Amino acid sequence: MEDEFSRTFRYALEFYFKRLGIIVVFSIPFILAFLIPALVPAPTYLALGGVFLRTGSIPELSILDIVFTALAYAIAVFLIADTIVNINLVVRAKRTLTSIGYEVAKAMGTYAMRIFYIYTMVLLLLFIAQLVTYDNPFQSWIYPIFTLLLTGLLFFVPPAVVIDNSDTPTAIRRSVSMAVQNPHFVLLWTVVALASLSIVKVLGDIIFANPFSGYFVLLVNSLVLLPFLTVLQTQMYMEKYPLAR
């Protein structure tokens, strides 16, 4: 008998390839979202196709640099939230037989903003945790554990917002409830994500030299891996509905 994760993974893979064209089109803003922070005058760096900020270099930034960096990250987070919403709407449209175009237009001011608020809160909490634990000898343990707990509990926020039309507080509660009841989904998704990202990173390093390998990885992650992982995340969330299985 097919186990729960195998069934969910198969559903996600079949749906992804069936709607590949529209999913890739909706995923294009991912590229811009990851490029924006890399182009601002801040100590950012590419790793596994993502853009990260060097916390230890923050004191070297001017007020203007901090303002530009914060604005760039805000725009990037909104683009990520909106792209995730649009991919979720492709999944939802199949279930509800609604028009994707209408749903996308409506989602810009509702679903995307709700997820943007939550993602911004998460980034601020992670940033504060970095600053609080800076120079702490146990930071290498405290910060990763805090990050895993926070992101794990809020893992199902996007599908909770889009699939269930939840407001921000309700989406958080539903995500926490789903994550606590199904920690294996969060763990297995993380394993799939890390394995996929690592494989693409190795291929990028083999095919291209720096810095082109980093941008190759970013491109593949944005148009291939992240869209599929988003579909998989949504299919996992939908497992709570018996009729969706």
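As shown above, the structure is provided for reference.
Treat the numbers as computed from the prediction; the structure is a model and nothing was measured. (Residues numbered from 1 in each chain as written. Predicted model: local features only at pLDDT ≥ 70, side-chain atom pairs only at ≥ 80, totals over all residues. Heavy atoms only, no water.)

### What about the environment of Leu125?
Consideration 1: With respect to the element layout, Leu125 can be found in helix H5 (residues 111-132).
Consideration 2: The exposure class of Leu125 is partly exposed, given its relative accessible area of 33%.
Consideration 3: For the pair Leu125 and Leu150, spaced 25 residues apart in the sequence, the C-alpha separation amounts to 8.9 Å.
Consideration 4: Once residues lying within four places of it in the same chain are set aside, the contact partners of Leu125 are Phe146 and Leu150. (Helix = DSSP H or I, 4+ residues; strand = E, 2+ residues; numbered from the N terminus. Buried < 20%, exposed > 50% of the residue type's maximum accessible area, 1.4 Å probe, protein only. Contact = heavy atoms within 4.5 Å.)

### Description of the environment of Leu232
Consideration 1: As for its placement among the helices and strands, Leu232 is situated in helix H10 (residues 212-238).
Consideration 2: Here Leu232 falls in the buried class, since its relative accessible area comes to 0%.
Consideration 3: When the C-alpha atoms of Leu232 and Thr8 are compared, they prove to be 7.3 Å apart, with 224 residues separating the residues in sequence.
Consideration 4: Ignoring any residue separated from it by four or fewer positions in sequence, one finds Leu232 in contact with Thr8, Phe9, Ala12 and Trp189.

### A few points about the nonpolar core
Across soluble globular proteins, nonpolar side chains have a tendency to be buried as a group.
Consideration 1: Counting residues in each nonpolar core, the largest one holds 56 residues, and the members touching the most others are Val85, Phe156, Val161, Trp189 and Met236.
Consideration 2: Breaking this core down by element, the ones donating at least two residues are helix H1 (4-18), helix H2 (20-39), helix H3 (63-96), H5, helix H7 (157-162), helix H8 (168-181), helix H9 (183-207) and H10.
Consideration 3: Among the elements that line this core, the one with the most residues is H3, at twelve residues.
Consideration 4: Setting aside its immediate chain neighbours within four residues, Phe156 contacts Ser175, Met178, Ala179, Phe185, Val186, Gln233, Met236 and Tyr237.
Consideration 5: In this structure, Leu197, Val200, Val220 and Leu225 belong to the second largest nonpolar core, which totals five residues. (Core = buried A, V, L, I, M, F, W, Y, C linked by side-chain atoms within 4.5 Å.)

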